[in-house]
Amino acid sequence: MRVRKAVIPAAGLGTRFLPATKAVPKELLPIVDVPTIQLVVEEALAAGIEEIVLVTGRGKSAIEDHFDVSYELEETLAKRQKRELYEQVAAISRRVRLISVRQKEPLGLGHAVAVAHQAVGDEPVAVLLGDDLIDCEGLPQGGIGQLCSVFERLGGEAGVVALTEVPAGEEHLYGVVAGDVVVDSDEQRLLRLSQLVEKPAPGTAPSQLAILGRYVLPASIWPILERTAPGKGGEIQLTDALRTLAAQGDGCYGLRLRGVRHDAGDRLGYLGANLAYALKRPELRPGLVALMRDLIDRYG
Ligand code: G1P
C-alpha cells in the first residue's frame with residue numbers, strides 16, 4: 001500500500017534555541033534561506049506524499065502562514081520582475097496540502113503522532129522529525145523515500161524506521177535498537193528489529209544503532225499508540241509503541257539510511273547544516289570558503 005500521508009510533529013518549544021525561538025517557531029529557523037521545515041516537507045513531497053498533517057502547539061501559526069499562498073508577496077515580486085524568487089515562494093505553497101492539528105499538552109512524541117490519527121485516518125503514515133535533516137543529494141531517493149520503498153516492498157503491514165550508527169557514549173540521546181540482519185549489501189542494510197529502547201541509560205544500550213527521525217508505520221500502529229503508557233521521562237514514547245509493533249504481525253524493520261544526517265535540533269548541528277547547505281550552492285561556495293578561512297584566522 002502506498003504511503004499518502006505524513007505527520008510532522010512541530011509542537012516543541014525549541015528551548016535549545018532561545019531567545020531566537022521566543023516568538024519564532026524553531027521549525028522556521030532557516031538553513032541558509034529555507035526554513036528547516038520546508039526542507040522536510042520537500043523531502044516528503046519528493047517521496048510521493050500528498051498530504052501533510054502538522055502537529056502544532058501554541059505560537060506556531062507562522063508555520064501555517066509559511067505554507068499558505070501569499071498573494072501580496074507574489075504580486076509584489078511579480079511586479080518587480082523577480083520571477084525566479086516568485087516561483088520559489090509560490091511553488092511550495094501550491095504543491096502542498098497541509099492540515100494542522102493541535103497537541104494540547106506536551107505528552108511526548110508517541111502522543112503527538114496519536115493526535116494526528118483522526119486527520120490521517122486508518123491508513124499507513126510517514127513520520128518526519130524536523131530536527132533531523134537528511135541530505136541525499138546525488139542519491140536516487142531522499143530519506144523518507146528510501147523508507148517508503150522498503151515499506152511497500154515488505155507488503156505495507158510492517159513498520160520501517162531509519163537507523164544510523166552513533167558514536168559510543170551517545171546512545172542515551174536516542175531510541176536504540178537491535179535485531180537480525182535480513183539484507184546486507186552495499187546498497188542496503190535492513191534489520192528485523194527485536195529490541196527497541198528509548199534513551200537507554202549509559203552502558204545499557206543494545207547496540208550503537210540509533211533511530212533517526214524518519215518512520216513509515218502501518219495502519220496497525222494507531223490502536224497501539226492509543227494503548228501505549230507513558231515511558232521514559234513520563235512521556236508517551238513512539239519507540240515504546242514500535243516495540244509493541246515489532247512483537248506482533250509483520251513486525252518492525254530498521255533501515256540504515258543513505259545520505260548525510262544533520263542534527264538541526266542542536267546548535268552545533270544546526271550551524272553545520274547551514275555551512276553544508278551553503279557550500280552546496282555554487283553562488284555561495286567560493287565566497288563562503290574565503291570567509292571561513294578569514295574567520296578562522298581572526299577568531300580561531
Ligand atoms: C526522538 C525519539 C528518539 C529518536 C530521536 C531521533 O527523540 O524519541 O527515539 O532517536 O528523536 O532524532 P528526541 O530527539 O525528540 O528527544
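Residues numbered from 1 in each chain as written. Predicted model: local features only at pLDDT ≥ 70, side-chain atom pairs only at ≥ 80, totals over all residues. Heavy atoms only, no water.

Here we come to the environment of Ile134. Tracing the backbone shows Ile134 in strand β7 (residues 132-135). Each C-alpha atom, one on Ile134 and one on Arg285, is 20 Å from the other, the two residues being 151 residues apart in sequence. Not counting chain neighbours up to four residues away, the residues in contact with Ile134 comprise Glu43, Gly143, Leu212, Arg214, Leu257, Arg258, Val260, Arg261 and Tyr277. (Helix = DSSP H or I, 4+ residues; strand = E, 2+ residues; numbered from the N terminus. Contact = heavy atoms within 4.5 Å.)

Any two side chains of opposite charge can pair, so long as their charged atoms come close to each other. Counting across every chain of the model gives 18 salt bridges. Of the charged contacts in the structure, one is a salt bridge between Asp131 and Lys26, with a shortest N-O distance of 3.2 Å. Taken together, the residues span a long stretch of sequence, with Asp131 in the loop between β6 (125-128) and β7 and Lys26 in the loop between β1 (5-10) and β2 (30-31) at a distance of 105 residues. Residue Asp131 is classed as partly exposed on the basis of its relative accessible area, which comes to 24%. (Salt bridge = Lys/Arg side-chain N within 4 Å of Asp/Glu carboxyl O. Buried < 20%, exposed > 50% of the residue type's maximum accessible area, 1.4 Å probe, protein only.)

The full set of residues close to the ligand is Leu109, Leu129, Asp132, Tyr174, Gly175, Glu198, Lys199, Ile211, Leu212, Gly213, Tyr215 and Thr239. One of the side-chain nitrogen or oxygen atoms of Lys199 is found 2.6 Å away from an oxygen atom of the ligand. In this structure, an oxygen atom belonging to the ligand sits 2.7 Å away from a main-chain N or O atom of Ile211. Considered on its own, the ligand offers 380 Å² of accessible surface; in the complex 77% of this is hidden by protein. Broken down by element, the residue count for the shell around the ligand peaks at four residues, all from strand β11 (residues 209-217). (Near = heavy atom within 4 Å. Polar contact = N/O pair within 3.5 Å; in protein donor to acceptor, adjacent residues only side chain to side chain. Areas by Shrake-Rupley, 256 points an atom, 1.4 Å probe, with all protein chains shown as cover.)

None of the figures reported here should be taken as evidence of function without further support.
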